[in-house]
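Overview (structure and organization)
Spelled out from the first residue to the last, the chains are:
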Amino acid sequence: MSTKLNIIQADKSPFFYGYIIAITGTIGIWASIPGQTAGVSTFTDPVKDALMLTRDQFSLAYMFGTLLSSIALTKAGKLYDQFGVTKTAATSVLILIITLLLCSVSPIIAGQISLITGFSHWTIPFVLMIVLFFLLRLSGQGVLTMTSRNMIMKWFDQMRGRINAFSSVSVSLGFSASPIFIDYLIQRYTWQGAWQVMAAGLTLVLIMILFFYKDNPEAHGLHPDGKSKTDTKKSLNAEDSKSSTLKEAKQSRSFWMYALILAFHAFFVTGLTFHVVALFAEAGLSRTESISIFLPMTVVSVITSISANFISDWIRLKILLYLMILGALVGSVGLLMLQNALGTYLIIIGLGITGGLFAVINAITWPRFYGRKHLGAISGKAMSMVVMASALGPYFFSLAKTLTNTFATIAYISLAFVIAIAIGSLKANPPKKTVQ
């Protein structure tokens, strides 16, 4: 199949094919939106009502499905290393298409199961949604995002930061606009039709992946950044000998510190976003005031991302790590001070910084520290921690409110956790076996 579809030859491109990789890889990350929180949350109310599930039941199904997907992601990363980007990404898109179509008829499926089994209970649609959320999150948020991002990073070396600036800013803007676009689809085609329209659109992405996605540039007689290399095979073997396995990566302190701050961002921002209206209501603020934080937060995030990506090619990543830790501290303090006007500004600045640095650290750290040979397994493990944290965030925010009658409790816990990461990161230096 790969031979027949190899119509687009990277080495025949009139310019460095890596730029096409950057564009198509970014489109691939955009295509993961139906499996992202931003893509799923828009469907919450109509789907739970159609399935006759309560909000708690629907949220719990989402959490279980996301947790299961996080467990499978490390294995998926290893499959990416084994089978390459085209097969892995294409398979994930195909699964995402099928899952969206199944989601669009989920009430019918639940009804048929009840009819066949003679058992009518809320657990039937509940379990069904766990399975569908598992497939959505694994294929969309997990595998498609991971493979598309890793592909871009493999085609660039000294230019990783600058190329990632283009990709991460584009993704940030696309993700920010996606709820508005999805809501438009729901209003025009109903929620069932919206999922079907997105599934149809993903077939075009599938075709793009089959023709344009390419693995390492060395496999096409090219070199990262478009530089000439007389013996690319020798260069590739030299780099691979410096690459770390997942086991070796997990033995380094740097892997855990960088992965933990990424996971914390996912935990905190997902929990805050999920309960943003209730959080601000506790501080005596309106729904409009709570929603209004996201636009300026996106602005701060984009500015941070552009700046950090460009300087990341020349500075130590540890500086960016501590900037992200600082942003997490500022955001946590902001949550504590939400009843004061300053608290809102601190949340906007803090989460804007962490959001902007998330894409930089998550994309650049793993190939720079651990090489490209086992990039799928290593980034897959890190992504599984991020996905798991995003699943736990909304639940723990809610639990803190239920047990202590205030969201401030989660802010204290967050502060303690981030301080622990800051202390642990003092010795989070690049591994001795590093490729750069």
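Focus: the overall build of the protein
- Counting its regular elements, the protein contains 18 helices and zero strands.
- Here the C-alpha radius of gyration of the protein, 22 Å, is about what a compact globule of 436 residues would show, namely 22 Å.
- Across its three principal directions, the C-alpha atoms of the protein cover 65 × 50 × 35 Å.
- Taken across its 436 residues, the protein has 55% of its residues classed as buried.
- Counting contacts in the protein only where the partners sit at least 6 residues apart, residues at least 24 apart contribute 85% of the total.
- Working note: accessible area of the protein is about 18900 Å², and carbon and sulfur atoms make up 67% of it.
- Considering the protein, the positive charge centre built from 33 side chains and the negative charge centre built from 17 side chains are found 7 Å apart.

Observations concerning unusual backbone geometry
- One non-glycine residue, Thr190, lies in the positive phi region at around 75°.
- Relative to the assigned elements, Thr190 resides in helix 8 (residues 160–212).
- Look at Thr190 and you get partly exposed, because its relative accessible area is 43%.
- Positioned with a positive phi, Asp225 is a non-glycine residue whose angle comes to about 75°.
- With respect to the helices, strands and loops of the structure, Asp225 is situated in the loop between helix 8 and helix 9 (232–242).
- Using a relative accessible area of 11% as the deciding quantity, one classes Asp225 as buried.

Re the pattern of salt bridges
- Applying the stated rule across the entire model yields four salt bridges.
- Where Lys48 meets Asp49, a salt bridge forms, and the shortest distance between an N and an O atom there is 2.9 Å.
- Between Lys401 and Glu282 there is a salt bridge, and its shortest N-O distance comes to 3.0 Å. Placement of the pair is Lys401 in helix 17 (residues 375–404) and Glu282 in helix 12 (residues 276–282), with a sequence separation of 119 residues.

What counts as what
- Residues numbered from 1 in each chain as written.
- Predicted model: local features only at pLDDT ≥ 70, side-chain atom pairs only at ≥ 80, totals over all residues.
- Heavy atoms only, no water.
- Helix = DSSP H or I, 4+ residues; strand = E, 2+ residues; numbered from the N terminus.
- Rg over C-alpha atoms; globule rule 2.2 N^0.38 Å.
- Buried < 20%, exposed > 50% of the residue type's maximum accessible area, 1.4 Å probe, protein only.
- Contact = heavy atoms within 4.5 Å.
- Areas by Shrake-Rupley, 256 points an atom, 1.4 Å probe, with all protein chains shown as cover.
- Lys, Arg positive; Asp, Glu negative; His and termini not counted.
- Charge placed at Lys NZ, Arg CZ, Asp CG, Glu CD.
- Salt bridge = Lys/Arg side-chain N within 4 Å of Asp/Glu carboxyl O.

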